[in-house]
Structures are given as structure tokens and as C-alpha cells.
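The residues making up each chain are set out below.
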Amino acid sequence: MKPITPAEVKKEFTLPDKAIYVINKRIISCFTGYESIINKEELALELNNIGFCDSVVTNILLKIPKTYTQFGWDVQEINNCFVFQEFA
């Protein structure tokens, strides 16, 4: 077996269950009936507070749009926020 490359790690990185729990909780608490707007800095701080280091938090934030799009959300990054809306 050979060592894993950085590209392979990035490809295989998935959102940890603890992170998904925090993100889902934020989506629910911020839901207006139409969309949820989540501040990235506040989310990053909450992820740090449950034990994720800065580099993992960065990877989590990068994976959010692709991951949540696969589950029916249109995720836009506007200013320093994620905007979650249901696909029409």
C-alpha cells in the first residue's frame, strides 16, 4: 500500500456527523419558511467549540454547498453567509 495523496484526502473527505448535526440545527433555527441564512463565521466558531480544528472547519465549510445540494438544497454563498433554499 502506498501513502495517500492530498488530492485523495480531499476527494474522500465527507462532512462528519457532528458537523452535519450543527449545520442542520442552524438551518432549522434560521428557517424563514423560504430560506435559511447562516453566517459562516458563527458556524465556524460553533464547529470549533465542538472540537474541530481550524483546518477541518475550513474543509467542512468548503464541502457544505456540494453536500447539501445533493440533498435538495440550493446553496449560495453570499457575502459571509450560506443561503439555503429549496430547489424549485
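Each remark here, short or long, concerns the structure printed above.
Quick look at the structure, then. (Residues numbered from 1 in each chain as written. Predicted model: local features only at pLDDT ≥ 70, side-chain atom pairs only at ≥ 80, totals over all residues. Heavy atoms only, no water.)

1. Overview of the sheet that holds strand β3 (residues 81-86)
Here is step 1: Strand order across the open sheet formed by 3 strands is β1-β3-β2, with antiparallel pairing between neighbours. For this open sheet the edge positions go to β1 (35-39) and β2 (73-78), each flanked by a neighbour on one side alone. Shown here is a sheet whose adjacent strand axes are inclined to one another by a mean of 20 degrees, direction ignored.
Here is step 2: Sheet strands touched by helix α3 (residues 40-49): β1, β2 and β3. Its angle to β1, the strand with the most contacts, is close to 70 degrees.
Here is step 3: Packed onto the sheet, helix α4 (residues 54-69) meets β2 and β3 and runs at close to 150 degrees relative to β2. (Pairing = 2+ DSSP bridges. Helix = DSSP H or I, 4+ residues; strand = E, 2+ residues; numbered from the N terminus. Axes fitted to C-alpha atoms, helices over the stretch in contact; angles between N-to-C directions. Contact = heavy atoms within 4.5 Å.)

2. Comments concerning the nonpolar core
Generally speaking, a soluble globular protein has its nonpolar side chains buried in company with each other.
Here is step 1: Among the nonpolar cores identified, the biggest contains 19 residues, and I23, L43, L47, I60, I64, Y68 and F84 are the most heavily contacted of them.
Here is step 2: Secondary structure elements with two or more residues in this core: α2 (17-30), α3, α4, β2 and β3.
Here is step 3: Residues in contact with L47, not counting those within four places in the same chain, are A19, V22, F52, V57 and I60. (Core = buried A, V, L, I, M, F, W, Y, C linked by side-chain atoms within 4.5 Å. Buried < 20%, exposed > 50% of the residue type's maximum accessible area, 1.4 Å probe, protein only.)

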